[in-house]
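Chains, contacts and geometry: an overview
Each chain, written out:
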Amino acid sequence: MFLPLFGLICSCKGTVPFARSTQFYMDTYCECLVYGNNKIEENQYLAKAFDILGKVELAADPTHVRSELYRLNTDRSISNPSKELKEMLEYALLAKEDTEGLYNPFVANLKQMVNEFKILDEKSVEKETYKANNTSLTITDESIKIEGDANIDLGGIAKGYAIERIKEEYKGINGYLINAGSSSILLGEKPDSSTGEFVIELVMQNLKFKAKNTYISTSGIENQYWYDEEQNLISHIINPLTGSFSPLHQSVTILGQDGALGDAYTTAMMNMEMDDIKTFCKDKNYEYIVVSGEIGNSTIYHSSGVNIIK
Amino acid sequence: MKFFSFLRKRWIDVLVIFILVIATSLSFVFVYSPKEKKNMNADILLENEILCNIDLSKGEEKEIEIEGLYTKMVIAYKLNSICVKESGCPSKFCVKTGWISEEGRSIICLHNHVVVRINGEASSDVII
């Protein structure tokens, strides 16, 4: 009888004040939330987060003429690269190696085709896929050079890299949540929750889980797909090895202590078989939630370390 | 008579039990009762600036046209629900999201930098 009363008392830790701001960076809305009792200090932390997101955007936006990546794609080499661009490209090459090419930063042209809803004729896809798999990078402290014909897209790296940099800046505090457009999330602790955990919801699957002090990375097709004339599902997730735009899963979410590579890994896992995902996550120490099967008839797989609540 | 004599002797115990029963009942009501959707309203934001606020609790069924960053959009709303009905964006992902009716939920049109957000505390901290 007294259980709800006990639960109520336990759960009432009191609401801890927070500062929250949402701004548009890297083609998405980024939400930053910092808990605490000092409004000035919280706002300083928010400003630090948005400063990093701005720097990363300036380095990695492939469409903006002022960005370093735009110059690199256009001029094929740049001198004196920023720390941000250099590190992101190094991460991208590492992710490509780790996933045996299922994540590939040289898919900018393929991505552009799908983003512009161009008719995906087989020859163009084949040509761009060949370019993506036959382009490489030379990175030194003084310069970066593209060898090959493909352009670079850092979509799977930039947000994760940004939240990893934000975490370094947030070493002095515990209560925060950084959501870089759902694909890359950084969680500290939620001070007004009894366990310090945040509740995360995969809205399409009506699935909720709890987590704290972790990075969460997600790739998925959600509403971002359509069907071509032959009723093939087309999404923004590309298999760089085959040029296919139809991934094997609806979404892949991973939880772990590596922020920068997480989004690239989940992008790659969208085209991995379930057994390979399990092995990959075990090797890299990630927890996973994979939504598979046809849309409207999904099967959810998750590792034992995910604290599912619904 | 025995009952009243018992009450007189143990009135403190009875009072404590009575208070606990009342408190427990109230906690049941507080914990399990569904939250009322009072004054549900939605903001429409362009580049993070509020374009307009819509009262969803009146039950009006209306459509409004707004200018997104690149194209026009039509927002439809009815009692406690709102959706993007039309958008000139290439993907139409915002339209595909359909109606939303929970506090804290939002529809984002990345192409037009438009957010349609039902104000209030969401039941989840992060929605993916």
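Residues numbered from 1 in each chain as written. Chains lettered and ligands numbered in written order. Predicted model: local features only at pLDDT ≥ 70, side-chain atom pairs only at ≥ 80, totals over all residues. Heavy atoms only, no water.

To continue, consider the nonpolar core. The biggest cluster of nonpolar side chains holds 75 residues, and the ones touching the most others in it are A:Met88, A:Ile152, A:Leu154, A:Ile157, A:Tyr170 and A:Met269. At 9 residues, the largest contribution of residues to this core is made by helix H2 (residues 39–60) of chain A. Excluding residues within four positions of it along the chain, A:Tyr170 makes contact with A:Val34, A:Tyr45, A:Leu46, A:Ala49, A:Tyr176 and A:Ile178. By size, the runner-up hydrophobic cluster in this structure holds 20 residues, among which are B:Ile66, B:Cys94, B:Val114 and B:Ile118. (Core = buried A, V, L, I, M, F, W, Y, C linked by side-chain atoms within 4.5 Å. Buried < 20%, exposed > 50% of the residue type's maximum accessible area, 1.4 Å probe, protein only. Helix = DSSP H or I, 4+ residues; strand = E, 2+ residues; numbered from the N terminus. Contact = heavy atoms within 4.5 Å.)

The next point concerns the packing of helix H5 (residues 108–115) of chain A against helix H6 (residues 122–133) of chain A. Residue and element names in this part refer to chain A. Orientation of H5 relative to H6, taken along the N-to-C sense of each, is 150°, at an axis distance of 8 Å. Between H5 and H6, the contacting residues are Asn109, Leu110 and Met113 on the first element and Ser124, Val125, Glu128, Thr129 and Lys131 on the second. When grouped by side-chain class, the residues that make up the contact of H5 with H6 number 3 nonpolar, 3 polar and 2 charged. (Axes fitted to C-alpha atoms, helices over the stretch in contact; angles between N-to-C directions. Nonpolar A, V, L, I, M, F, W, Y, C, P; charged D, E, K, R; others polar.)

Residues and elements named next belong to chain B. A grouping of Trp11, Ile12, Leu15, Val16, Phe18, Ile19, Leu20, Ile22 and Leu26 is seen on the molecular surface, where their side chains present a nonpolar patch of about 880 Å² in accessible area. With respect to the helices, strands and loops of the structure, Leu20 is situated in helix H2 (residues 11–32). You can call Leu20 partly exposed: its relative accessible area is 33%. (Patch = residues over 30% accessible without salt bridge, like charges linked within 9 Å, V, L, I, M, F, W, Y side chains within 5 Å. Areas by Shrake-Rupley, 256 points an atom, 1.4 Å probe, with all protein chains shown as cover. Salt bridge = Lys/Arg side-chain N within 4 Å of Asp/Glu carboxyl O.)

What follows covers the pairing of strand E1 (residues 41–46) of chain B. Residue and element names in this part refer to chain B. Most of E1 sits out of view: 5 of its 6 residues are buried. Where E1 lies against strand E2 (residues 49–55), 6 bridges are found, and the strand directions are antiparallel. Bridge pairing in E2 links Asp43 to Asn53. In this antiparallel pair of consecutive strands, E1 and E2, the connection spans 2 residues, and Glu47 shows a positive phi of 50°. Looking at chain direction, E1 and strand E7 (residues 114–118) are connected through 5 bridges and run antiparallel. The residue of E7 that forms the bridge with Ile44 is Val116. (Pairing = 2+ DSSP bridges.)

Looking now at the sheet that holds E7(B). Residues and elements named next belong to chain B. Strand order in the open sheet made by the 4 strands is E2-E1-E7-E6, with antiparallel pairing throughout. Looking at strand neighbours, the two that pair on one side only are E2 and strand E6 (106–109), the edges of this open sheet. Pairs of neighbouring strands in the sheet enclose a mean axial angle of 15°, with direction left out of account.

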